[in-house]
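Listed below are the residues making up each chain.
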Amino acid sequence: MATPIIQVENLRIGYGIHVLLDNLSFDVEQGEILAILGGSGCGKSTLMKNMIGLYTPLAGRVLIDGEDIAQADGRQRRAILRKFGVTYQMGALFGSMSLLENVRLPLEAHTDLPTEAIDLIARMKLQMVGLAQAAGKIPAELSGGMQKRAAIARAMALDPKILFLDEPSAGLDPITSAGLDQLIATLARTLGMTFVIVTHELASIFAIADRVVMLDNQSKGIIAFGEPAQLRDQSDHPWVRQFFNREPSSADAFK
Amino acid sequence: MTTFTTHPSADGHYTITLSGRLDATGVAALWEPVHAALSGERITVIDASQVDYCDGAGLALLFDLKRQNHRGITVTGLAPDVAALLAQFDPAGFGKDTADAPTRVPLVTAIGRSVHSYAEHVTAQIEFLGAATAALGSALRHPASIRWKDALLIAERAGVDALPIVALIAFLMGLIIAFQSAIPLRQYGGEVFVGDLVGLSMLRELGPLMTAILIAGRSGAAFAAELGTMKVNEEINALTTMGFDPIRFLVVTRVLAGLIVTPLLTIFADLIGILGGALTMLTFSIPTRTYFTHVGAFADTADFLGGLAKSVVFGILIAGIGCLKGLQTASGAAAVGQATTRAVVAAIIMIVVVDGLFALIYFILDV
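What you see is a predicted model; the values in this text were computed from it and never measured.

Asker: Please give an account of helix α6 (residues 163-186) of chain B that cites residues and values.
Answerer: All names here are of chain B. In this model, α6 (24 residues) spans 33 Å end to end at C-alpha, consistent with the 34 Å of a helix rising 1.5 Å per residue. Buried within α6 are the following residues: V166, A167, A170, G174, I177, A178, S181 and A182. Contacts made by the buried residues of α6 are with α7 (194-232) and α9 (246-283).

Laid out in structure tokens, this is it:
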């Protein structure tokens, strides 16, 4: 197989002297859907922010298409940034713009396409996430789930090679969530898009994830890496089995 | 390299053959020429068998060709997955959202709407004034119910932290006024009277006014931004459903803090301003002792107390307006900015208007 599109090597992440996770190493292949799992507060979002260059790793490195984003600057950094799209937990749509303008923005900034092409592409992206009717609305007029979908439309405006999604289906109803899964699977298959998804949604993990990385903040590392069904059935790590079977933790259940 | 060719067929229809990569770069180069070549022509077949790669931009181009010639058009040779993506867009019903079509509003309706919204605005302000006064009244009757810890913390941020900037502005104010007035007064040998002028103007007007404007810019803005963000994050809703009255919980503490801090800062500004004047007078060879005698000779306790009374009202106004604008924040990041701007502008206008009223009242009362 070709070089992995994302290579995480001996990564240590955290804030200042507070190390959240250490010695993380894994690869993501082109066209793969990778889910990052782990308990609340274990550093899933922080890991994602280190992978996309928002935070600088405390040690180790992340290579995107062979290039280290933490070391790149100027034109090289912009070229790397162009390769991926990101959605954030709260949507992070620009509140002063309509959905259409939000999706148009990256296209206007990074392509030479004529205005009507940009308009059409933006509308098609919005239709792909089921928001064609709401193109002219501003984010404040929409529900949280609709904002998340619009954020996904914006993240994929430029058809990036990689999409990083931070909890895309939290707050969505099961039908919309399943539709989103289908969209992700189709994009991965047709356009060879790679997905890195931070999620808790068991149903979508089993439906679409090719592999999962499971993080744990007790051991500050990866406790499982592989295909979800295999991990569910074969892992000898109690926490992994509990996670996949939705069992409450015996040790620290809410008391 | 992305290219296209067109072939007219026997029955007057066209086949368009696309080849290469249909990505954003390729489509950017193709869009205008393809549309120019095909304007008015009827395409029946789009041959995409030579397309290596097709992403969202390519789909948009294919879809646009399909849309403009939507009767009986076929796309051939497209990879099945991409064809499935393309098939989900329906040319007939596409882009028909009603929301972004600007609707023309008749003049009468427009006037009616703006009057209505203005009336609502005024009502909301009266309601807030009533609720805040009631909450403040009951808080003062039951001082134990006030969240003193919060109030003092806010007073520290609005007051103690403002000392350096108030000192700087007041000092320069005193210095500059003394200097500007000493020069013309010197022509008549009257520079000793600068002390009278600086003392009176700092105590009666400049001290309270400058301090209030500074507090409006620092803390009025901070109150509006903080409460506005809380509103946007639904923290205000959380308070309400937990049984806290946001006015009592948030507004009373801030108004109390404003009420305590503004007069104290005003006293501080008065003193520093007069000291600034003393420094200027030294350069005009007027002894500091003489200067202070003159300050005390003209301005009296009534002037000082009159200034303080104003500053108490200013403090209530600044904190109240800041909280009101914060609580009225709509949703979104832009709304918080708007609320902050409105809070500062409204507070400064009110400060100046109220200052004028005080001047009138003092004149009538002959204070």
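Asker: With reference to specific residues and values, describe empty space enclosed by the protein.
Answerer: Taken as a whole and assessed by the stated rule, the structure comprises six cavities of 30 Å³ or more. In this structure, the largest cavity spans a volume of roughly 80 Å³. Along its surface, the largest cavity is lined by 14 residues, and A:D181, A:I197, A:T199, A:S204 and A:I208 are the ones closest to its centre. For the lining of the largest cavity, the elements supplying multiple residues, two or more each, are β3 (33-38), α6 (174-191) and α7 (202-208) of chain A. Here the residues of the lining of the largest cavity are counted per class, giving ten nonpolar, three polar and one charged. Roughly 40 Å³ of volume is contained in the second largest cavity. Every residue along the wall of the second largest cavity is listed here: B:V166, B:I169, B:A170, B:M173, B:M202, B:L206, B:G207, B:M210, B:T211, B:L214 and B:A269. Mapped by element, the contributors of at least two residues to the lining of the second largest cavity are α6 and α7 of chain B. At six residues, the largest contribution of residues to the lining of the second largest cavity is made by α7(B).

Asker: Lay out the nonpolar core in plain terms, naming residues and giving numbers.
Answerer: The biggest cluster of nonpolar side chains holds 69 residues, and the ones touching the most others in it are A:L113, A:M156 and A:F195. A total of eight residues in this core trace back to one element, the largest contributor, which is helix α4 (residues 115-128) of chain A. Excluding residues that lie within four positions of it along the chain, A:M156 makes contacts with A:K125, A:M128, A:V129, A:L163, A:L183, A:L187 and A:M193. If you look at the next biggest cluster of nonpolar residues, it comprises 46 residues, including B:V166, B:L239, B:L256 and B:C323.

Asker: Before we move on, could you go through the domain arrangement of chain B and cite the residues and values that matter?
Answerer: Annotation of chain B at the domain level lists domain 1 (3-93) and domain 2 (132-365). Put simply, the middle of domain 1 of chain B and the middle of domain 2 of chain B, counted by C-alpha atoms, are 68 Å apart.

Asker: How would you summarise the sheet that holds strand β5 (residues 67-68) of chain A if you had to cite specific residues and measurements?
Answerer: All names here are of chain A. Strand order in the open sheet made by the four strands is β2-β1-β4-β5, with antiparallel pairing throughout. Taken across any chain shown, the strands that pair with only one partner, and hence form the sheet edges, are β2 (18-28) and β5. Looking at chain direction, strand β4 (residues 59-64) and β5 are connected through two bridges and run antiparallel. Bridge pairing links L63 to D68 in β5. In the packing of helix α1 (residues 44-51) onto the sheet, the strands contacted are β1 (6-15), β2 and β4, and the crossing angle to β1 comes to about 120°.

Asker: I'd like to hear about the pairing of β2(A), residue by residue, with values.
Answerer: Residues and elements named next belong to chain A. Pairing of β1 with β2, which is carried by seven bridges, proceeds in the antiparallel orientation. Directly across from I6, in β2, lies its bridge partner V28. Hairpin geometry of β1 and β2 is characterised by an intervening segment of two residues between the two adjacent antiparallel strands and by a positive phi of about 60° at G16.

Asker: Account for unusual backbone geometry, with residues named and values stated.
Answerer: Despite not being glycine, A:E167 has its phi angle at roughly 50°, a positive value. As for its placement among the helices and strands, A:E167 is situated in the loop between β7 (162-166) and α6. Classification of A:E167 as buried rests on a relative accessible area of 16%. One non-glycine residue with positive phi stands out, namely B:E234, at about 65°. Note that B:E234 resides in the loop between α7 and α8 (235-241). Note on B:E234: relative accessible area 49%, which makes it partly exposed.

Asker: How would you summarise the sheet that holds strand β9 (residues 211-216) of chain A if you had to cite specific residues and measurements?
Answerer: Residues and elements named next belong to chain A. If you trace the six strands from one edge of the open sheet to the other, you get β6-β7-β8-β3-β9-β10, paired in mixed fashion. Strands at the two margins of the open sheet, each flanked by one partner only, are β6 (84-87) and β10 (221-226). Adjacent strand axes in the sheet meet at a mean angle of 15° when their direction is disregarded. Pairing geometry for β3 and β9, over five bridges, is parallel. The residue of β9 that forms the bridge with L34 is R211.

What counts and how
- Residues numbered from 1 in each chain as written.
- Chains lettered and ligands numbered in written order.
- Predicted model: local features only at pLDDT ≥ 70, side-chain atom pairs only at ≥ 80, totals over all residues.
- Heavy atoms only, no water.
- Helix = DSSP H or I, 4+ residues; strand = E, 2+ residues; numbered from the N terminus.
- Expected span 1.5 Å × (residues − 1).
- Buried < 20%, exposed > 50% of the residue type's maximum accessible area, 1.4 Å probe, protein only.
- Contact = heavy atoms within 4.5 Å.
- 1 Å grid on protein atoms, 1.4 Å probe; cavity = no way out; pocket = protein on both sides within 12 Å on 5 of 7 lines; lining within 4 Å.
- Points joined across faces, edges and corners; volume = space filled by probe spheres on them.
- Nonpolar A, V, L, I, M, F, W, Y, C, P; charged D, E, K, R; others polar.
- Core = buried A, V, L, I, M, F, W, Y, C linked by side-chain atoms within 4.5 Å.
- Domains from an automatic or database assignment.
- Pairing = 2+ DSSP bridges.
- Axes fitted to C-alpha atoms, helices over the stretch in contact; angles between N-to-C directions.

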